[in-house]
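Observations on the model geometry
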Amino acid sequence: MAGRLIYLIGPSGSGKDSLLDAARTRLAERGCRIVRRIITRSAEAVGEAALGVSARQFADMEARDAFALSWHANGLSYGIPREIDDWLAAGQDVLVNGSRGHLQNTHLRYPDVLVLLLSVDQAVLRERLLKRGRESVSEIDQRLARNARFNEQLLAEDSAVHLLDNSGPLELTVERLLACINEQAPRA
Ligand SMILES: Nc1ncnc2c1ncn2[C@@H]1O[C@H](COP(=O)(O)OP(=O)(O)O)[C@@H](O)[C@H]1O
Ligand SMILES: O=P(O)(O)OC[C@H]1O[C@H](OP(=O)(O)OP(=O)(O)O)[C@H](O)[C@@H]1O
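Residues numbered from 1 in each chain as written. Chains lettered and ligands numbered in written order. Predicted model: local features only at pLDDT ≥ 70, side-chain atom pairs only at ≥ 80, totals over all residues. Heavy atoms only, no water.

A separate point is the site of ligand 2. The environment of ligand 2 is formed by 20 residues, the closest being Arg41, Tyr78, Arg100, Arg143 and Arg146. Between an oxygen atom of ligand 2 and a side-chain N or O atom of arginine 41, the distance comes to 2.6 Å. Between ligand 2 and asparagine 74, the relevant distance is 3.2 Å, taken from an oxygen atom to a side-chain nitrogen or oxygen of the residue. Here the shell around ligand 2 gets three residues from one element, more than from any other, and that element is helix α6 (residues 137–156). When the residues that make up the shell around ligand 2 are grouped by side-chain class, the tally is four nonpolar, six polar and ten charged. (Near = heavy atom within 4 Å. Polar contact = N/O pair within 3.5 Å; in protein donor to acceptor, adjacent residues only side chain to side chain. Helix = DSSP H or I, 4+ residues; strand = E, 2+ residues; numbered from the N terminus. Nonpolar A, V, L, I, M, F, W, Y, C, P; charged D, E, K, R; others polar.)

Scanning the model with the defined rule gives three aromatic pairs in all. With 6.5 Å between their ring centres and 75° between their planes, tyrosine 7 and tryptophan 71 make a pair best called edge-to-face. Here tyrosine 7 is found in strand β1 (residues 5–9), whereas its partner tryptophan 71 is found in strand β5 (residues 67–73), with 64 residues between them in sequence. Of the two residues examined, tyrosine 7 and tryptophan 71, each falls in the buried class. By way of ring pairs, the aromatic residues Tyr7, Trp71 and Tyr78 are connected into one cluster. Seen from the ring of tryptophan 87, arginine 33 lies directly overhead, with NZ or CZ sitting 3.8 Å from the centre. (Phe/Tyr/Trp six-rings, centres within 6.5 Å; stacked < 30°, edge-to-face > 60°. Buried < 20%, exposed > 50% of the residue type's maximum accessible area, 1.4 Å probe, protein only. Lys NZ or Arg CZ within 6 Å of the ring centre and 35° of its normal.)

Okay, the pairing of strand β8 (residues 114–119) next. With five of its six residues buried, β8 lies for the most part within the structure. The sheet contact formed by β1 and β8 spans four bridges and is parallel. If you follow isoleucine 9 over to β8, its bridge partner there is leucine 117. With five bridges connecting them, β8 and strand β9 (residues 161–165) associate as parallel partners. Its bridge partner being in β9, leucine 118 is matched across the sheet by leucine 164. (Pairing = 2+ DSSP bridges.)

Next up, the structure:
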């Protein structure tokens, strides 16, 4: 049986990278691979399981059809390597740090995708972003405004999005993630 694409989405700062890092070993134990994204962000950026490339390199990769999925947001470009299709075909589950804005395209290409929306109380989220210190205050406020629009849209849509709360300790969210993946496993 083919593997399943698990598409983790959520506001910047909701804890996607932290969750993937914390759950990495447990996910590997159950045969789930975490994708390394290609991002036009400087390679020295911390906390991101990604390969940094220039805008030119990214465009070249896109032209070579090197990505299964790609999107542009926050002034950056993001690509998911095409090799995930080999992993899925080989029966492995594949977890992607995805984009809310690109969700519809992902549904079209991967109809059986399991979508997990990581959510955090807005005030807690602002504090976490300020503490992380990766973006300026105005960039943080722009991202928070974008979140508000996305949340409205996602809630209004009747799509099969599974909420995953990360307002509490990360360890708890890891357990919730694994439970959700197990609960939503397709019946053999
Ligand atoms: N459950 C949590 N409790 C406390 N801090 C958290 C939790 N999850 C993530 N963080 C912190 O929030 C910040 C943003 O997390 P990050 O993983 O970079 O989010 P994202 O990848 O979604 O942008 C980081 O400083 C991280 O340490
Ligand atoms: O359409 P959206 O859901 O807003 O997502 C757009 C992009 O923003 C996030 O990346 P970002 O560069 O912010 O990294 P982060 O998630 O680690 O903050 C997310 O992982 C997406 O790649």
